[in-house]
Amino acid sequence: MEGSALVERVAELDLEQRERAVVAEVLRGNVPDSWRRFADVRVTRTVGGRERELVYRVAADYLTVGSDADGMRSPLSPTAAQELADALDCVLPTPAMVDEVHASARVQLVPEPIPPSASMTTVAVFARHDRLVDRQLAGQPLGTLVAGHKKDVVLTPRLVDASDRVAIYGWHRPDGEPIQPLYLGHAATWVDYSHGVRLVQSEMLLDGAPTTAQALLADPELSVLLSRAGPLAHPRYGPEPAPAEKLSPIELGPGVRAVAQIPATLDPEQPVHLVLYALPNGSTIEQTVGRHALPDEDWRFTIQHVGAQTRWLRARALEDALVVVYLECDGLAWPRWLRAHDPAGERAVAILDALRTRFGAHAPPRIVLTGHSGGGAFTFAYLDAVERVPGDVERIAFLDSNYGYDAARGHGRKLVDWLKGAAEHTLVVYAYDDSVALLNGETFVSEESGTWGRSHALLADLKRSFAFESSTTEGLQRHTALDGRATVLLKENPERAILHTVQVEQNGFVHALLVGSQRAEIGYRYLGTSVYAAWIAGTEPRAH
């Protein structure tokens, strides 16, 4: 359908019907060939004392339906614009991005406003303004980045308190000054001829490494590359799409309860990134997955949010299907259960073998062994039971959970051999100085027995085989070797606080899966502001 035919078809429809028709045309591919050619925008800024270069790609023109010879730029409500952005793996711009796009545009048009009237929201006036723009563009090469002819529907933190509004900005004059400052005075259903939808690809390059607009906008430090108004934890109109996932129970034998957090559609040909997450002492699977809790509910629902962190990771388009299997034992204490029911670690090996088979029918899974608090005992039970850690165990992460580390039981030797076995093998260790932490005014672990002491013992053993680099920033000691594949993070504790769960809650699970990769601390910070808030599941009020 050519643009002129679409104008005739939708001219008398109401807003909802009109936008359904436009969205349908775009999603079936009815856009000009030139509109498919996204253009590079380069941004260089000094962030945290370091010069950073960001490259992102934008549509050469505002959203257009039809052909190069007969197209119509179609203003849309923010709801419809967001639907298309989601479907096409794009985002809407911020005012800062609109400025950068205009500065980068090879063609900067002079705005041609139409006098305000009751008809400015009609398709007839949309088409009239479109003809004015086409006349200005006559003779310009198709697909050239063009700006200055519309206001943009934009993202801004102010939408948090104005969710029923549309934010518009731009319509730059040739000198770079916008006619329209940031404005949220219209309802979200207001759409006039001057509005344009400029799509920006979600995938971006920061200093040559892949990241996403969502990750950068949520980052308290790096968001300045895309936003002058601070970070946007929720860079979109409307709620996040409901996570396409399911929680599936898995039978693993007596005494062990397992639930897998799985993408709703798991392609059997797609390799699986399989994470075994052994629960902390005292927590159930539901509490570890986490959700918004009512005021009188157990505090454990809100201290890990591994489920939300998993959804955040999936939204970053990791290459493999991310599956997290939560492992809960009778009594909710893995150290005690293993001593009583699996002292040789045979059940731990059998559990991993069963999950490897279940999720590796078509391609070998990439396996991660991790857990928080007492959950580390499961990993040590596995180490006790095998002479060599299998090569498909790609990552081992102790989230303040390495109380059981014992060189005399071969733990250090096995971890060293495993790290040397493949370039993908990565060891992550978190701990804080629990030896000085106070509970009811008293210390509760010795210098040797807590994770602080056990981590120093592990680090000393690793240093016999690998050259580590060490640094301390804001009380966080970073000890790294093998280009980050061996990372020990030790949080100092002058306040003598209990930081046990904080290390998971503040992006700890995210970081544990990304340490040693190019995505590490892109769009988030370990022990920084939690970036996964939009992905926390809700709860229905309970009957009393």
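Here we summarise the structure given alongside this text. Fair warning: this is a prediction, and the values are worked out from it, not measured in the lab.

What follows covers the overall build of the protein chain. Helices and strands together make up the secondary structure of the protein chain, namely 15 helices and 24 strands. Over its C-alpha trace the protein chain gives a radius of gyration of 27 Å, about what one expects of a compact globule, namely 24 Å for 544 residues. Across the 544 residues of the protein chain, 55% fall into the buried class. Considering only contacts within the protein chain whose residues lie at least 6 apart along the sequence, 70% involve residues at least 24 apart. As displayed, the protein chain offers around 23000 Å² of accessible surface, 51% of which is attributable to carbon and sulfur atoms. Counting 53 positive and 70 negative side-chain charges, the protein chain places the averaged centre of each group 1 Å from the other.

With that settled, the discussion passes to the sheet that holds strand β22 (residues 469-473). Pairing within the open sheet is mixed, and its 10 strands lie in the order β15-β16-β18-β17-β19-β20-β21-β24-β23-β22. Edge positions in the sheet fall to β15 (245-251) and β22, since each of these pairs with one other strand and no more. Adjacent strand axes in the sheet meet at a mean angle of 15 degrees when their direction is disregarded. Of the pairings in the sheet, the one linking strand β17 (residues 272-278) to strand β18 (residues 321-329) comprises seven bridges and is parallel in character. Bridge pairing in β18 places Tyr277 opposite Tyr326. Here helix α13 (residues 451-463) sits on the sheet and contacts β21 (426-432), β23 (476-481) and β24 (486-491); the angle it forms with β21, its principal contact strand, is near 145 degrees.

On the surface, a cluster of nonpolar side chains totalling about 260 Å² of accessible area is made up of Leu439, Phe444 and Ile498. Secondary-structure assignment places Phe444 in the loop between β21 and α13. For Phe444, a relative accessible area of 38% corresponds to the partly exposed category.

Once that is clear, we can look at the side chain of Asn402. With respect to the element layout, Asn402 can be found in the loop between β20 (393-399) and α12 (411-421). When near neighbours in sequence (up to four residues on either side) are disregarded, Asn402 contacts Phe380, Val429, Thr451, Arg454, Ser455 and Leu458.

Two numbers describe how helix α11 (residues 376-385) lies on α12: the axes approach to 10 Å, and their chain directions differ by 85 degrees. Between α11 and α12, the interaxial angle falls into the category roughly perpendicular. Every residue of α12 that contacts α11 at Phe380, Leu383 and Asp384 is listed here: His411, Lys414 and Leu415. Of the residues that constitute the contact of α11 with α12, the class distribution is three nonpolar, one polar and two charged.

Here we come to helix α9 (residues 334-341). Those residues of α9 that fall on the buried side of the exposure criterion are Trp334, Trp337 and Leu338. The buried residues of α9 occupy an angular sector of 95 degrees when the element is viewed end-on, so they sit on one face. Of the residues in α9, the exposed ones pointing more than 90 degrees away from the buried face are Arg339 and Ala340.

Turning next to the pairing of β21. In the case of a regular strand, side chains alternate between the two sheet surfaces. For β21, the buried fraction is high: seven of the seven residues fall into the buried class. Burial along β21 is two-sided: Thr426, Val428, Tyr430 and Tyr432 and Leu427, Val429 and Ala431, pointing in opposite directions, are all buried. As paired strands, β20 and β21 are joined by five bridges and run parallel to one another. Paired with Ala397 across the bridge in β21 is Val428.

Leu54, Tyr56, Leu92, Leu199, Met204, Leu226 and Tyr237 are the most contacted members of the largest nonpolar core, which totals 69 residues. Leu92 has contacts with Ala81, Gln82, Val153, Leu155, Val197, Arg198, Leu199 and Tyr237, leaving out every residue within four places of it along the chain. Counting residues in each nonpolar core, the second largest holds 54 residues, with Leu252, Leu276, Ile367 and Val488 among its members.

Let's shift gears to the sheet that holds strand β11 (residues 195-196). A sheet is described by the order of its strands in space; here four strands give the open sequence β10-β9-β8-β11, paired in mixed fashion. Sheet topology places β10 (178-187) and β11 at the edges, where each strand pairs with a single neighbour. With two bridges connecting them, strand β8 (residues 151-153) and β11 associate as parallel partners. The residue of β11 that forms the bridge with Lys151 is His195. In the packing of helix α4 (residues 95-104) onto the sheet, contacts are made with β8, β9 (165-172) and β10, and the angle to β9 comes to roughly 25 degrees.

A negative phi holds for most residues other than glycine; trans holds for most peptide bonds. Residue Leu482 is not a glycine yet carries a positive backbone phi of 55 degrees. The residue Leu482 is located in the loop between β23 and β24 in this model. If you check the backbone angles, Asn507 has positive phi at about 65 degrees while not being a glycine. Within the element layout of this structure, Asn507 appears in the loop between α14 (502-505) and α15 (508-514).

Thresholds applied
- Residues numbered from 1 in each chain as written.
- Predicted model: local features only at pLDDT ≥ 70, side-chain atom pairs only at ≥ 80, totals over all residues.
- Heavy atoms only, no water.
- Helix = DSSP H or I, 4+ residues; strand = E, 2+ residues; numbered from the N terminus.
- Rg over C-alpha atoms; globule rule 2.2 N^0.38 Å.
- Buried < 20%, exposed > 50% of the residue type's maximum accessible area, 1.4 Å probe, protein only.
- Contact = heavy atoms within 4.5 Å.
- Areas by Shrake-Rupley, 256 points an atom, 1.4 Å probe, with all protein chains shown as cover.
- Lys, Arg positive; Asp, Glu negative; His and termini not counted.
- Charge placed at Lys NZ, Arg CZ, Asp CG, Glu CD.
- Pairing = 2+ DSSP bridges.
- Axes fitted to C-alpha atoms, helices over the stretch in contact; angles between N-to-C directions.
- Patch = residues over 30% accessible without salt bridge, like charges linked within 9 Å, V, L, I, M, F, W, Y side chains within 5 Å.
- Salt bridge = Lys/Arg side-chain N within 4 Å of Asp/Glu carboxyl O.
- Parallel < 35°, antiparallel > 145°, perpendicular 65-115°, else oblique.
- Nonpolar A, V, L, I, M, F, W, Y, C, P; charged D, E, K, R; others polar.
- Arc of directions from axis to C-beta.
- Core = buried A, V, L, I, M, F, W, Y, C linked by side-chain atoms within 4.5 Å.

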